[in-house]
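# Fold and geometry: a report
The chain contents come next:
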Amino acid sequence: VVPSVACSRRSRTRRTRDNRHMTDAIVGRNGELAAIEGFLAGETWPRTLLLTAEAGMGKTTLWRAGTERAAAHGHTVLAARPLETEAKLAYAGVGDLLGSLHAAFADLPPPQAQALRAALLLEEPVDGSVDERAVALGFLGVLRALAEARPVLVGVDDVQWLDRASARALVFAARRLQERVGF
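One structure accompanies this document, and this report is about it. On a predicted model such as this, the values are computed, not experimentally measured, just so you know. (Residues numbered from 1 in each chain as written. Predicted model: local features only at pLDDT ≥ 70, side-chain atom pairs only at ≥ 80, totals over all residues. Heavy atoms only, no water.)

## What about the pattern of salt bridges?
Definition in use: One speaks of a salt bridge when a side-chain nitrogen belonging to Lys or Arg is within 4 Å of a carboxyl oxygen belonging to Asp or Glu. Under the scheme used here, helices are H or I runs from DSSP no shorter than 4 residues and strands are E runs no shorter than 2 residues, and both carry numbers assigned from the N terminus. Relative accessible area decides the class of each residue, using a 1.4 Å probe on protein chains only: under 20% of the type maximum gives buried, over 50% gives exposed, and in between gives partly exposed.
Enumeration according to the criterion identifies six salt bridges in this entry. Measuring nitrogen to oxygen at the nearest pair gives 3.3 Å for the salt bridge that ties Glu-37 to Arg-69. Placement of Glu-37 in helix α1 (residues 30-41) and of Arg-69 in helix α2 (residues 59-72) is noted, with a sequence separation of 32 residues between them. A residue is classified by how much of its surface remains accessible, and Glu-37, at 27% relative accessible area, is partly exposed. By relative accessible area, Arg-69 is classed as buried at 14%. Linking Glu-132 and Arg-168 is a salt bridge whose minimum nitrogen-to-oxygen distance equals 2.8 Å.

## Comments concerning the pairing of strand β4 (residues 152-156)
As a reminder, the rule being used: The pairing criterion for strands is at least two bridges between them, as found by DSSP. The crossover handedness rule: strands pointing away from the viewer, path from first strand over the helix to second strand clockwise, crossover right-handed.
Summarising burial for β4: five of the five residues are buried, a large majority. Where strand β3 (residues 76-80) meets β4, five bridges bridge the pair, whose relative direction is parallel. Note that in β4 the partner of Leu-78 across the bridge is Val-154. Note: β4 against strand β5 (residues 181-182), two bridges, orientation parallel. By the bridge assignment, Val-152 is partnered in β5 with Val-181. Note on the crossover from β4 through helix α6 (residues 164-176) to β5: the handedness is right-handed.

## Some points on the layout of surface pockets
Keep this limit in mind: Here a cavity denotes grid points, spaced 1 Å and computed from the protein atoms alone, that fit a 1.4 Å probe unable to get out, and a pocket denotes an open set having protein on both sides within 12 Å along at least 5 of 7 lines; residues with an atom within 4 Å of a point are the lining. Grid points are joined across faces, edges and corners, and a volume is the space filled by probe spheres set on the points. Following the grouping adopted for this structure description, the nonpolar residues are Ala, Val, Leu, Ile, Met, Phe, Trp, Tyr, Cys and Pro, the charged ones are Asp, Glu, Lys and Arg, and the polar ones are all others, Gly among them.
Within this model, the largest pocket holds a volume of roughly 740 Å³. The wall of the largest pocket is formed by 28 residues, among which Leu-49, Leu-50, Val-156, Val-159 and Phe-183 lie closest to the centre. Elements with a contribution of two residues or more to the lining of the largest pocket: α1, β2 (50-52), α2, β4 and α6. Across the lining of the largest pocket, the residue classes tally to 19 nonpolar, six polar and three charged.

## Looking at the sheet that holds β5
The criterion, for reference: We call two residues in contact whenever any of their non-hydrogen atoms come within 4.5 Å of each other. Axis geometry follows a simple rule: fit a line to the C-alpha atoms, using only the stretch in contact for helices, then measure angles between N-to-C directions, giving values from 0 to 180 degrees.
Spatially, β3-β4-β5 is the arrangement adopted by the three strands of the open sheet, whose pairing is parallel. Each of the sheet's edge strands pairs with one partner strand only, and the pair in question is β3 and β5. In this fold helix α5 (residues 132-149) packs onto β3, β4 and β5, with an angle of close to 130° to the strand it touches most, β4.

## Description of the nonpolar core
As a reminder, the rule being used: Side-chain atoms within 4.5 Å are what join buried Ala, Val, Leu, Ile, Met, Phe, Trp, Tyr and Cys residues into a set we call a nonpolar core.
One finds Leu-143 and Val-154 to be the most contacted residues of the largest nonpolar core, which totals 34 residues. Residue assignment for this core shows that the elements contributing at least two residues are β3, α3 (92-98), α4 (110-119), α5, β4 and α6. If one sorts the elements of this core by residue count, α5 sits on top with nine residues. Excluding residues that lie within four positions of it along the chain, Val-154 makes contacts with Leu-78, Leu-97, Leu-143, Leu-170, Val-181, Gly-182 and Phe-183. By size, the runner-up hydrophobic cluster in this structure holds twelve residues, among which are Ile-26, Leu-33, Leu-51 and Trp-63.

## A few points about the packing of aromatic side chains
Our working definition: Within 6.5 Å between ring centres, the rings of Phe, Tyr and Trp (the latter by its six-membered ring) count as paired, and their orientation is classed by plane angle as stacked under 30 degrees, edge-to-face over 60, tilted in between. Cation placement over rings: the criterion is NZ of Lys or CZ of Arg within 6 Å of the ring centroid and within 35° of the ring normal.
This model, assessed by the stated rule, comprises zero aromatic pairs. When the ring centre of Trp-45 is taken as origin, the NZ or CZ atom of Arg-47, which lies over that ring, is 3.7 Å away. Above the face of the Phe-172 ring, Arg-176 is positioned so that its terminal group lies 3.7 Å from the ring centre.

## Structural notes on the packing of α1 against α2
Inclusion rule: Crossing chirality is assigned from the near helix's rotation relative to the far helix, an anticlockwise turn below a right angle marking it left-handed and a clockwise turn marking it right-handed.
Viewed as axis vectors pointing N to C, α1 and α2 meet at an angle of 35°, and their least axial separation amounts to 10 Å. Relative to α2, α1 is oriented so that their crossing is right-handed. Residues Glu-32, Leu-33, Ile-36, Glu-37 and Leu-40 of α1 form the contact with α2, whose own contacting residues are Leu-62, Ala-65, Gly-66, Arg-69 and Ala-70.

See the structure below:
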């Protein structure tokens with residue numbers, strides 16, 4: 001069961017001079033923000049929160065607020081904001097989520113580390129193809145390693161545009177995690 005927060009009206013936010021969101025300035029979303037805070041403060045791991053609404057109802061504003069608050073709570077935040085034009089690019093989402101964490105691959109078993117590096121186009125794949133299972137296991141391994149230090153939030157905005165290969169890796173990891181990871 002995935003708890004969801006329905007967005008029913010538009011959000012208004014103010015931006016700081018350097019164009020960052022001021023999440024405390026979100027107007028009319030106290031219930032949704034309280035649900036996000038409750039999610040971040042929860043003790044049951046892993047967990048998932050889904051923001052649902054029609055287009056233009058402020059999901060991205062709430063998503064940003066959630067990722068900012070997770071970072072303020074001390075979570076490691078892995079974020080992806082896929083676009084429709086990227087939906088056919090294999091592992092684009094995994095690449096966004098892992099960002100500059102390539103050093104974490106060194107602690108993985110060699111086949112998983114190699115598969116992740118190949119999937120993220122950091123090196124050539126062995127035998128000309130990327131092993132999806134090895135990528136998924138590697139992604140799971142990175143999440144587990146990160147969660148040893150502190151809670152992890154995997155945040156995907158506009159999940160409908162996440163490429164299939166990344167979506168499969170996320171589902172694979174989510175089903176196997178028992179560590180402090182929220183989605």
